[in-house]
Amino acid sequence: MMIFFPKDMTSPSSIFKAYASMSASIMLLRSMFNEFVPQPVRGHLSNAFRYLIKPRSPTLTLVIEESSGIARNQVYDAAEAYLSTKVSPANERLRISKSPKEKNLTIRLESGEKLTDSYEGVSLKWRFNCAESEKNNSPDDYGSISIRSVKRYFELSFNKKHKEMVLESYLPFILEKAKEMRDEERVLKIHTLNTSNYGYSGVKWDSVNLEHPSTFETLAMESELKNAVIEDLNRFVKRRDFYKKVGRAWKRGYLLYGPPGTGKSSLIAAMANHLKFDIFDLQLGNIRKDSDLRKLLLATANRSILVIEDIDCSVDLPERRHGDGREQADGQDKAIDGWKQLTLSGLLNFIDGLWSSCGEERIIVFTTNHKERLDPALLRPGRMDMHIHMSYCTYQGFKLLASNYLEISSDHRLFGEIEGLIEETRITPAQVAEELMKSEDAEESLEGFMKLLKRKKMEGDVFESYSQDKAETHQQSKRRKAAAKTSCWDQQEK
């Protein structure tokens, strides 16, 4: 539609007529546009028009929220830890905290605080934000319930041309630095099963701080065996690429066997403190089904030690029952509504089957007082890679305990007689430690310990001769081989 303006527009009436004509034309065009152009098309055209007239900014801003769905955002946690080391006098508001287990104060940015970081000569601006919101829950007898939630997030702003460097180099750098900081100040946890709601949500892990002080330096263990364990652990944590190359899950299995009180639990604590790994204490007797075992495995964190103590008596696997005992047990199982026993195949798949690959850098430790009672299927390499015999206390172990508890050197006048007694007497490190703790006076403690050794010797609690011990070991080996053959025959018959 053509609009003609008069040549003389100096009078107010001419201007008003021109404005009225223009407004009418615009209204007509708008009406025709809304009538003939569909709503989705109009929305796209409007967005495109705003995009074209919007001024361009050279800055790109990344929003890093606290959570991603139901899971924590690792980038957020890493940024929070990393930025605490970049606080400057320019910051005016900071959050300070300290838990009983932390060595130093924890410094965090308060909402609205900014700081500038530099990486490879590029300036990167951070800002921490907190936004509160209210959400009305379903109404009750007293009206609607208002729930306040807080959304926390970081904003990282930089020039758009550095986008590739930030995503591929800077953020991975922050993740690695935060991991190093956590490893240095990490508070180890020991996790145990929570079966309070078993039947509704299955079993889950609860945790407390691991405060066991045992280390390899204080462990009463033969030096050669101790060094072998340390070397094996150090080699394991460094071989991620090797395990991937050979197509094996990045895990390691240990079997600790020996009499009670020989330090199996202390060795596990020393392993955890050495590697900075959490401990997950699994009681198989509380597990009903193979599916629950798999759920627990999926809920187990990486860089952890999974402990199954007293494996020979912690669970009765129905696949290994024989004769009348099996029939009686089967009858009991049927009498329990909904009860489904944990199976040997489920346990083995948990250790080295397909489900064992759901996670990495994990250690599985079995303990037992009677290795000969274990099913041979549990002992083969790949399941239990290293067998560690925790024996009675030796003279070398006694000297270490005496140094730890009494702070005395090995040239004490009573050590010679103690050496002769301890080498022919069966006494556990736990018994030695208990005796050395009875008095703070070194002389009194050592004399009491000598009396204990002499009394045990008189009672006949001594080591058997080498030939008898060798013969017993040979008989145990024969029994294990026979059990393995029987197991194979049973499976072939099935």
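Quick note: structure is the one above.
Residues numbered from 1 in each chain as written. Predicted model: local features only at pLDDT ≥ 70, side-chain atom pairs only at ≥ 80, totals over all residues. Heavy atoms only, no water.

Brief notes about the packing of helix α14 (residues 429-436) against helix α15 (residues 442-458)
Phase 1 of the analysis: With their axes 9 Å apart at the nearest point, α14 and α15 run at an angle of 140° to one another. In terms of axis orientation, α14 runs oblique to α15. The interaxial crossing formed by α14 with α15 has right-handed handedness. Side by side, α14 and α15 meet where Gln 431, Val 432, Glu 435 and Leu 436 of the first sit next to Ser 445, Leu 446, Gly 448, Phe 449, Leu 452 and Lys 456 of the second.
Phase 2 of the analysis: Across the contact of α14 with α15, the residue classes tally to five nonpolar, three polar and two charged. (Axes fitted to C-alpha atoms, helices over the stretch in contact; angles between N-to-C directions. Helix = DSSP H or I, 4+ residues; strand = E, 2+ residues; numbered from the N terminus. Parallel < 35°, antiparallel > 145°, perpendicular 65-115°, else oblique. Left-handed = near helix turned anticlockwise from the far one by under 90°. Contact = heavy atoms within 4.5 Å. Nonpolar A, V, L, I, M, F, W, Y, C, P; charged D, E, K, R; others polar.)

What to know about the pairing of strand β11 (residues 251-257)
Phase 1 of the analysis: Across the seven residues that make up β11, a large majority, seven, are buried.
Phase 2 of the analysis: Here β11 shows two buried faces, one formed by Lys 251, Gly 253, Leu 255 and Tyr 257 and the other by Arg 252, Tyr 254 and Leu 256.
Phase 3 of the analysis: Bridge count between β11 and strand β14 (residues 362-368): seven bridges; the pairing is parallel. From the neighbouring strand, Gly 253 faces β14, where its bridge partner is Ile 364. (Buried < 20%, exposed > 50% of the residue type's maximum accessible area, 1.4 Å probe, protein only. Pairing = 2+ DSSP bridges.)

Looking at the packing of aromatic side chains
Phase 1 of the analysis: Under the defined criterion, the tally for this structure stands at 14 aromatic pairs.
Phase 2 of the analysis: Centroid distance Tyr 82 to Phe 173: 5.9 Å. Interplanar angle 80°. Geometry classified as edge-to-face. A residue pair is termed long-range when its members are at least 10 positions apart, and Tyr 82 in helix α3 (residues 74-83) and Phe 173 in helix α4 (residues 163-185) qualify at 91 residues.
Phase 3 of the analysis: Here Phe 173 falls in the partly exposed class, since its relative accessible area comes to 30%. (Phe/Tyr/Trp six-rings, centres within 6.5 Å; stacked < 30°, edge-to-face > 60°.)

A word on the pattern of salt bridges
Side-chain pairs of opposite charge can arise whenever the charged atoms involved come near each other.
Phase 1 of the analysis: One pass over the structure, following the stated rule, counts 16 salt bridges.
Phase 2 of the analysis: A salt bridge links Asp 77 to Arg 72; the nearest nitrogen and oxygen atoms lie 2.4 Å apart.
Phase 3 of the analysis: For Arg 72, a relative accessible area of 46% gives the class partly exposed.
Phase 4 of the analysis: Here the salt bridges do not stand alone but share partners, grouping Glu 66, Arg 72, Asp 77 and Arg 152 into one network. (Salt bridge = Lys/Arg side-chain N within 4 Å of Asp/Glu carboxyl O.)

Re unusual backbone geometry
Phase 1 of the analysis: At Glu 120, a residue that is not glycine, the phi angle is positive and equals roughly 55°.
Phase 2 of the analysis: Mapped onto the secondary structure, Glu 120 falls in the loop between β6 (114-119) and β7 (122-136).

Re the nonpolar core
Phase 1 of the analysis: If you look at the biggest cluster of nonpolar residues, it comprises 28 residues, and the most contacted ones within it are Phe 216, Leu 267, Met 271, Ile 305, Ile 363 and Ile 388.
Phase 2 of the analysis: Listing elements by their share of this core, those giving two or more residues are α5 (223-237), β11, α7 (264-275), β13 (304-308), β14 and β15 (386-389).
Phase 3 of the analysis: Per element, the largest residue contribution to this core is six residues, and it comes from α7.
Phase 4 of the analysis: Apart from the residues within four sequence positions on either side, Ile 388 is in contact with Met 221, Leu 225, Val 229, Tyr 254, Leu 255, Leu 256, Tyr 257 and Leu 267.
Phase 5 of the analysis: One finds Val 122, Leu 124, Leu 156 and Met 165 within the second-largest nonpolar core, a separate group that totals 24 residues. (Core = buried A, V, L, I, M, F, W, Y, C linked by side-chain atoms within 4.5 Å.)

Description of the sheet that holds strand β12 (residues 278-281)
Phase 1 of the analysis: Reading across the sheet, the seven strands line up as β10-β9-β12-β13-β14-β11-β15 and stay open at both edges, with mixed pairing between neighbours. Of all strands in the sheet, those with a lone pairing partner are β10 (204-209) and β15, marking the two edges. The sheet shows a mean angle of 25° between the axes of neighbouring strands, direction not considered.
Phase 2 of the analysis: Running at roughly 155° to β15, α5 makes contact with β11, β14 and β15 of the sheet.
Phase 3 of the analysis: Across the sheet, α7 is in contact with β11, β12, β13, β14 and β15; its angle to β14 comes to roughly 170°.

A short note on the environment of Ile 64
Phase 1 of the analysis: When you line up the elements, Ile 64 lands in strand β1 (residues 59-65).
Phase 2 of the analysis: Residue classification places Ile 64 among the buried residues on the basis of a relative accessible area of 7%.
Phase 3 of the analysis: Sequence separation between Ile 64 and Tyr 76 is 12 residues, and the spatial gap between their C-alpha atoms is 5.9 Å.
Phase 4 of the analysis: Residues within four places of Ile 64 in sequence aside, it is in contact with Asn 73, Val 75, Tyr 76, Trp 126, Arg 152, Tyr 153 and Phe 154.

Focus: a nonpolar patch on the surface
Phase 1 of the analysis: A contiguous nonpolar patch, built from Leu 28, Leu 29, Met 32 and Phe 36 and spanning about 430 Å² of accessible area, is present on the exposed surface.
Phase 2 of the analysis: When you line up the elements, Met 32 lands in helix α1 (residues 12-36).
Phase 3 of the analysis: You can call Met 32 partly exposed: its relative accessible area is 40%. (Patch = residues over 30% accessible without salt bridge, like charges linked within 9 Å, V, L, I, M, F, W, Y side chains within 5 Å. Areas by Shrake-Rupley, 256 points an atom, 1.4 Å probe, with all protein chains shown as cover.)

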